[in-house]
Amino acid sequence: MTAEQEKLADAPRRLRADALATRERLVETAIIMFAERGLHGVSLREIGEQAGARNTGAVHYHFGGRRALILAALDLITDALAVSPDDLAMASGTPGTDSTFADVAAAVTTAVMPWTSLPDRHVWGSAAIRLLNRMWTGEGEGFAVDIEQRLQPSTDRLAKRLAELMPDIPRTVLLKRIDFVLVTFICGMAATSYSAEAVSAGVWPEIPPETLFRMLVNYAVGGLMAPVAHGDAALIG
């Protein structure tokens, strides 16, 4: 086979690779731009141009429209946030401390570690946290079920581990509390992503990120372990 024939034979593979690379750039660019300007504050054409796509209709070609692009962004983000069942099963607290509190804290830390490390692992990581915060605090109308479905596997794994540690907490109550924990972490991390400007403006005290993270974990554990109150009866059913 001549060099020209090899080039022609390899053309479909290269075209597929180029298409996948373009699709990936579009999704990553969308995460960043949606986080900055909102889900409806940027045109699909702008996203394509910023992603370096040669075709002005690249987003429509690859995704068909805005909703499919947003769902693809959610897929990329939630895939990066997945935690393995083995990691959760092995999570345990520091010896010599209150075992239940420490083990619950270890499980929560393991579950949210992918969230806190996201900005270090991906150039779009910080934007992803801000985008989820936007969607959870008002702009995600119409996507609540989509977000829940994508986070459900990780939520179920955490719920299974916590049920082993706190068998007296009914599952329905535990699942709702886990939802609160996830929202708390997303909102807290989104807020601290702006902490540099807040510190310089004198609005936010300069607190090391590790300390903020530990404060969030302890806050979450306190809520997860709280006695089941009379007001939770509706969830228990």
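Residues numbered from 1 in each chain as written. Predicted model: local features only at pLDDT ≥ 70, side-chain atom pairs only at ≥ 80, totals over all residues. Heavy atoms only, no water.

A. Seen up close, the pattern of salt bridges. Summed over all chains, the structure comprises seven salt bridges. In this structure, Glu49 and Arg45 form a salt bridge, with 3.3 Å as the shortest nitrogen-oxygen distance. With Glu49 and Arg45 both in helix H2 (residues 44-50) and four residues apart, the pair spans about one turn of that helix. By relative accessible area, Glu49 is classed as partly exposed at 47%. Residues joined by salt bridges that share partners form a network here, namely Arg67, Asp75, Asp146 and Arg150. (Salt bridge = Lys/Arg side-chain N within 4 Å of Asp/Glu carboxyl O. Helix = DSSP H or I, 4+ residues; strand = E, 2+ residues; numbered from the N terminus. Buried < 20%, exposed > 50% of the residue type's maximum accessible area, 1.4 Å probe, protein only.)

B. Spotlight on the side chain of Thr78. Relative to the assigned elements, Thr78 resides in helix H4 (residues 66-80). Once residues lying within four places of it in the same chain are set aside, the contact partners of Thr78 are Arg150 and Leu151. (Contact = heavy atoms within 4.5 Å.)

C. Local environment of the confidence of the model for the protein. On average, residues of the protein score 82 in pLDDT, and 79% of them are at 70 or above. The least confident element of the protein, judged by mean pLDDT, is helix H10 (residues 195-200) at 48; the most confident is H2 at 96. Within the model, the stretch residues 8-13 combines pLDDT values under 50 with zero contacts to residues more than four positions away or in other chains. Confidence drops under a pLDDT of 50 for residues 195-200, and excluding neighbours within four residues, the segment shows six contacts in the predicted structure. (pLDDT = per-residue confidence, 0-100.)

D. Region of interest: the nonpolar core. If you look at the biggest cluster of nonpolar residues, it comprises 66 residues, and the most contacted ones within it are Trp115 and Leu162. Element by element, the count of residues in this core is highest for helix H9 (residues 171-192), at nine residues. If near-sequence neighbours (up to four positions away) are discounted, Trp115 is found in contact with Leu81, Ile129, Leu132, Trp136, Leu151, Leu182, Ile186 and Met189. (Core = buried A, V, L, I, M, F, W, Y, C linked by side-chain atoms within 4.5 Å.)

E. Region of the structure containing helix H6 (residues 99-121). Between its first and last C-alpha atoms H6 spans 32 Å; for 23 residues at 1.5 Å apiece the expected length is 33 Å, and the two agree. Of all the bends in H6, the greatest, near 45°, is centred on Val112, and the proline Pro114 appears no more than four residues after it. (Expected span 1.5 Å × (residues − 1). Bend = angle between axes of the 7 residues up to and from the residue.)

F. Structural context of the packing of H6 against helix H7 (residues 125-139). Relative to each other, H6 and H7 sit at 130°, their axes nearing to 6 Å. It follows from the interaxial angle that H6 and H7 lie oblique. Contacts between H6 and H7 involve Trp115, Leu118 and Pro119 from the former and Gly125, Ser126, Ala128, Ile129, Leu132 and Trp136 from the latter. Among the residues forming the contact of H6 with H7, the class breakdown is seven nonpolar, two polar and no charged. (Axes fitted to C-alpha atoms, helices over the stretch in contact; angles between N-to-C directions. Parallel < 35°, antiparallel > 145°, perpendicular 65-115°, else oblique. Nonpolar A, V, L, I, M, F, W, Y, C, P; charged D, E, K, R; others polar.)

G. Highlighting the environment of Arg54. With respect to the helices and strands, the residue Arg54 is situated in the loop between H2 and helix H3 (58-63). Here the alpha-carbon distance between Arg54 and Thr22, two residues 32 residues apart in the chain, equals 9.6 Å.

H. Local environment of the environment of Gly52. Examined against the element boundaries, Gly52 turns out to sit in the loop between H2 and H3. According to the relative accessible area criterion, Gly52 is partly exposed, its value standing at 48%. Between the alpha carbons of Gly52 and Arg25 there is a distance of 8.1 Å; along the sequence they are 27 residues apart.

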